[in-house]
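One-letter residues, chain by chain:
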Amino acid sequence: PPQAKTKTPAVPGEFKIVRMRDCPVDSPKIDTPPEVVDFWRKHVVTAPWFKDDKECLCVFLLNTRLRLIGFELVSQGTLDTILMHPREVLRPAAVHNAAAIIIAHNHPSGDPGPSEGDIKATRDLILAAEHLKIRFLDHIIIGDARRKKSFTSLRGLGCFCDDDPAPVPESAAASASNISTKVL
């Protein structure tokens, strides 16, 4: 029997690579602590990986207009400790070509006061981000996510100044005396 000639499918002349959105919403602008906390309450707390009885550190990736590109869980710790290394925090920003970042983590105790470790880790991240030319806008600590004003902005406390280190407020130091953040 004669062999039927098979046609090869036409090869497309061009193709397009489409990036899947990392952000579950239409790129909101989040550049203030209340906007970050609002986003945290709506999207991070409801994520399947979030555990409210452990400290969770997220990095929010922003474009040049401070619109959200996406967010990523960087570290999940224990009841009162979380590891945050600049390499791990800044990796998603470099991979996703973010112009700026904001980091946020929760304190399961409900107290949003920073520990000395939180402040030191923030200062280390500021220096590392400067080297990579990534704007580090803020580090937000979220206490009880259900309460409206249960958060602290480390930028608001003065931890982002290039001058003298900002002291830990007495109330935050007293309440955070048993909360530690380990920096590698």
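Residues numbered from 1 in each chain as written. Predicted model: local features only at pLDDT ≥ 70, side-chain atom pairs only at ≥ 80, totals over all residues. Heavy atoms only, no water.

Enquirer: Requested: an account of the overall build of the protein chain, with residues and values cited.
Expert: A tally of helices and strands in the protein chain yields 4 helices and 5 strands. Ordered by position from N to C terminus, the α and β elements of the protein chain give α-β-β-α-β-α-β-β-α. Sequence-distant contacts, at least 24 apart, represent 68% of the contacts inside the protein chain between residues at least 6 apart. (Helix = DSSP H or I, 4+ residues; strand = E, 2+ residues; numbered from the N terminus. Contact = heavy atoms within 4.5 Å.)

Enquirer: Now, about the environment of Phe-71: what can you tell me, with residues and values included?
Expert: Within the secondary structure, Phe-71 sits in strand β2 (residues 68-76). The exposure class assigned to Phe-71 is buried, which follows from its relative accessible area of 17%. Between the C-alpha atom of Phe-71 and that of Ala-93, which follows or precedes it by 22 residues, the distance is 9.5 Å. (Buried < 20%, exposed > 50% of the residue type's maximum accessible area, 1.4 Å probe, protein only.)

Enquirer: Account for the sheet that holds strand β3 (residues 100-106), naming residues and giving values.
Expert: Taking strand neighbours across the sheet as the criterion, the 5 strands line up as β2-β1-β3-β4-β5 in an open arrangement whose pairing is mixed. Looking at strand neighbours, the two that pair on one side only are β2 and β5 (151-153), the edges of this open sheet. When the angles between neighbouring strand axes are averaged without regard to direction, this sheet yields 20°. Where strand β1 (residues 56-62) meets β3, 6 bridges bridge the pair, whose relative direction is antiparallel. Pairing of Phe-60 across the sheet is with Ile-102, part of β3. (Pairing = 2+ DSSP bridges. Axes fitted to C-alpha atoms, helices over the stretch in contact; angles between N-to-C directions.)

Enquirer: I'd like to hear about helix α2 (residues 86-95), residue by residue, with values.
Expert: Three or more residues of α2 are buried, namely Pro-86, Val-89, Leu-90, Pro-92 and Ala-93. Each buried residue of α2 sits inside an arc of 150° when the element is viewed along its axis, so together they form one side. Against the buried residues of α2 lie β1, β2, β3 and α3 (116-131). Downstream of α2 by one or two residues, Asn-97 has phi in the positive range, about 60°. (Arc of directions from axis to C-beta.)

Enquirer: Quick rundown of the environment of Asp-144? Include the residues and the values.
Expert: Here Asp-144 is to be found in the loop between β4 (135-142) and β5. Here the alpha-carbon distance between Asp-144 and Asp-111, two residues 33 residues apart in the chain, equals 7.0 Å.

Enquirer: Account for the pattern of salt bridges, with residues named and values stated.
Expert: The full count for this structure, using the stated rule, is 4 salt bridges. Here Asp-38 and Lys-42 are joined by a salt bridge, their closest N and O atoms 3.1 Å apart. Taken together, the residues span about one helical turn, with Asp-38 and Lys-42 both in helix α1 (residues 33-44) at a distance of 4 residues. Given a relative accessible area of 52%, Lys-42 falls into the exposed group. The partner of Glu-88 in a salt bridge is Arg-91, and the shortest N-O contact between them spans 3.2 Å. Remark: Arg-91 and Glu-88 occur in helix α2; sequence separation between them is 3 residues, near one turn of the helix. Taking the relative accessible area as the measure of exposure, Glu-88 reaches 30% and is therefore partly exposed. (Salt bridge = Lys/Arg side-chain N within 4 Å of Asp/Glu carboxyl O.)

Enquirer: Before we move on, could you go through α3 and cite the residues and values that matter?
Expert: With 16 residues, α3 ought to run about 22 Å at 1.5 Å a step, and its terminal C-alpha atoms sit 23 Å apart, in line with that. Of all the residues in α3, the buried ones are Gly-117, Asp-118, Ile-119, Ala-121, Thr-122, Leu-125, Ile-126, Ala-128 and Ala-129. Packing partners of the buried residues in α3 comprise α2, β3 and β4. Backbone geometry just downstream of α3 places Lys-133 in the positive-phi region, at approximately 60°. (Expected span 1.5 Å × (residues − 1).)

Enquirer: Pulling in residues and values, what's your account of the pairing of β2?
Expert: The pairing of β1 with β2 spans 7 bridges and is classified as antiparallel. The residue of β2 that forms the bridge with Val-59 is Glu-72. In this antiparallel pair of consecutive strands, β1 and β2, the connection spans 5 residues, and Leu-66 shows a positive phi of 65°.

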